[in-house]
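Chain and residue survey
What follows is each chain in one-letter form.
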Amino acid sequence: MEFIFSPIWGFALKLTLLLVSLSSLSDCYDPLDPNGNITVTFDTLKWTDGGYVARVTIQNYYQYRHVEKPGWKLGWTWAEDEVIWSMGGAFATQQGNCSSFKSQTPHCCMKTPVIVDLEPTAAPENLTEDCCHGGILSAWAVTPSNSFSSFEIDIRNLEGNSYGNKPLNLTLMAPVPGYTCSPIEDADPTVSSVIGGRREIQVLRTWKSTCTYSAFLAKKVPFCCVSLSTFYNPTVTSCPQCSCGCRDANPGTDSCVRFIFASVHIHESREGYSLSQLNSDKLDMVQCTDHMCPVRVHWHVKNNYMSHWRVKLTISNYNYAKNYSDWNILVQHPGFSQNTTTYSFNSTALPTVGFADEVALFWGITSYNNELLQADDKKLGSLTTEILLDKDSKTFTLSNGWAFPRRIYFNGENCEMPLPDTYPMLPNGSLSQKLTHSQFFLILLCLTAKVLAIWL
């Protein structure tokens, strides 16, 4: 049968391509954090014989996405035959072939070096200013002073080109994949203050690159979900089934293997395997549940007062093998436009673009609850707080699911929300409830008593 490419089919094809492109863009661009990125800066500090010394700074500008253990890895490709003669504050993971250097061996001769951070306990002679956080970068809105890290490199073997060329193909693992870095470009030289701010100095040259995260490129499956409950309805809306994968068919299995990345597949059963036998970079060992998420966020509408309403927020860790240090949780809800009091977590409001609803960021209190502990055989790791919100008489309602969050992120990852038609409803909602026999008998008894009282 001959296929006729009509104008309608052409329009449909264009529309499909447009929708695909828009979905990819929306995945890369986060309207809840429109300016979020990780910026890598190369500052040339001084020229040397046959090279230069540079300070490399990795600055996390993501409001709520932090870099956790095992930390960042930074890589690039040299434009020519450069080598890293020495380093401070970080190290290259491989030395490479340095056999052509007779008198002294460089730190790294790789064409594509990969750099990782030093631990805070590194030897003093290896430390430099603002270095050595073990690869961890805090979120910008949580702890700005810990959101960056620097190291110094001595670059040589430039031969005739003593000024050097910009590195190529910058890559960033932080620590998961999914980051895309722009080409390294010239920028205005970095300026800093000395003598108590009375004098400004600038570096000799500055190059910069901006790296942005995309869950689509990371191919990372969801790892958190949301459940809901209220004081006015005994029904608990659970996480959607298979939110983060589906559990083992054997209902008696307590622990399940979960794959972190969508590109990882398995065909045989892993029941009974120990964590040491599994690749921990690609697998999670979690408690077997219908949702199979390592983290569950529960939102409970607890009380409704005249001028306030109260919410209990609980975070549960189902992961047997991982603690979540310096965690944070982002909640989008119109109620955050009013005064809010949080009792057990730190919190702040974040600016957004294109959203009428407000966004609040919560994170733990240092040395108290900034670490969400892993689950064990007896209980889940769990943290909770209560949130007291002022009412706006024009907008507040318990009807139509208004009291529930629009969106929740945990550590920068979007959590799977239940469908709105499964939310707990008000008792006098559109779905009428049938009276039980006992309720009907009590009402009939009351009416009979009132009629007898009138007659007598």
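Notes on the structure follow. Computed from a predicted structure; not experimentally measured.

Take the overall build of the chain next. Scanning the chain for helices and strands turns up 3 helices and 27 strands. Residues classed as buried in the chain amount to 41% of the 456 residues present. By sequence separation, contacts in the chain at least 24 residues apart represent 72% of the contacts at least 6 residues apart.

What follows concerns a nonpolar patch on the surface. A cluster of nonpolar side chains, contributed by W47, Y163 and L204, occupies part of the molecular surface with about 330 Å² of accessible area. Position of Y163 among the secondary structure elements: in the loop between β7 (148–156) and β8 (168–173).

Quick look at the sheet that holds strand β21 (residues 340–342) now. The 5 strands are arranged β14-β17-β18-β25-β21 in an open sheet whose pairing can be described as mixed. Every other strand in the sheet has two partners, leaving β14 (224–230) and β21 as the edge strands with one partner each. Each strand axis lies, on average, 20 degrees off the axis of its neighbour in the sheet, ignoring direction. When strand β17 (residues 295–304) meets strand β18 (residues 308–317), the two strands line up antiparallel, connected through 9 bridges. Considered in β18, the bridge of H298 is made with T314.

Okay, the state of the cysteines next. Under the counting rule described, the total for this entry stands at 8 disulfides. Between C131 and C132 runs a disulfide, and the two sulfur atoms are separated by 2.2 Å. Sign of the S-S torsion, about -80 degrees for the bond between C131 and C132, identifies this disulfide as left-handed. Overall, the relative accessible area of 10% leaves C131 in the buried class.

Each regular strand carries side chains that alternate between the two faces of the sheet. Among the 6 residues that make up strand β20 (residues 328–333), 6 are buried, leaving the element largely enclosed by the rest of the structure. Side-chain alternation along β20 places N328, L330 and Q332 on one buried face and I329, V331 and H333 on a second face that is also buried. When β20 meets strand β23 (residues 358–363), the two strands line up antiparallel, connected through 6 bridges. In the sheet register, I329 faces β23, and the bridge partner there is F362. The sheet contact formed by β20 and strand β26 (residues 407–410) spans 4 bridges and is antiparallel. When the sheet's bridge partners are listed, V331 is paired in β26 with I408.

Before going further, it helps to examine the packing of aromatic side chains. Overall, the coordinates contain 20 aromatic pairs when judged by the stated rule. Ring geometry for Y61 against W140: centres 5.5 Å apart, planes inclined by 55 degrees, an arrangement best described as tilted. Of this pair, Y61 sits in the loop between β2 (51–60) and β3 (73–77) while W140 is found in the loop between β6 (114–117) and β7, placing the two residues 79 residues apart along the sequence. Centroid distance W309 to F396: 5.5 Å. Interplanar angle 50 degrees. Geometry classified as tilted. Highlighted residues: W309 in strand β18 and F396 in the loop between β25 (381–390) and β26, separated in sequence by 87 residues. In terms of burial, W309 and F396 fall into one category: buried.

Moving on, we come to unusual backbone geometry. Here the amide bond leading from K69 into P70 is cis, since omega sits at 10 degrees, within 30 degrees of zero. One non-glycine residue, I195, lies in positive phi territory at about 55 degrees. Mapped onto the secondary structure, I195 falls in the loop between β11 (191–194) and β12 (199–202). Judged by relative accessible area, I195 falls into the exposed class, the value being 54%.

Pairing in this open sheet of 5 strands is antiparallel, and the strands run β22-β23-β20-β26-β27 from one edge to the other. Each edge of the open sheet carries a strand with a single partner, namely β22 (346–350) and β27 (413–414). Alignment of β22 against β23, held across 5 bridges, turns out to be antiparallel. Bridge pairing links T348 to L361 in β23.

What counts, and where the lines are drawn
- Residues numbered from 1 in each chain as written.
- Predicted model: local features only at pLDDT ≥ 70, side-chain atom pairs only at ≥ 80, totals over all residues.
- Heavy atoms only, no water.
- Helix = DSSP H or I, 4+ residues; strand = E, 2+ residues; numbered from the N terminus.
- Buried < 20%, exposed > 50% of the residue type's maximum accessible area, 1.4 Å probe, protein only.
- Contact = heavy atoms within 4.5 Å.
- Patch = residues over 30% accessible without salt bridge, like charges linked within 9 Å, V, L, I, M, F, W, Y side chains within 5 Å.
- Areas by Shrake-Rupley, 256 points an atom, 1.4 Å probe, with all protein chains shown as cover.
- Salt bridge = Lys/Arg side-chain N within 4 Å of Asp/Glu carboxyl O.
- Pairing = 2+ DSSP bridges.
- Axes fitted to C-alpha atoms, helices over the stretch in contact; angles between N-to-C directions.
- Disulfide = S-S within 2.5 Å.
- Phe/Tyr/Trp six-rings, centres within 6.5 Å; stacked < 30°, edge-to-face > 60°.

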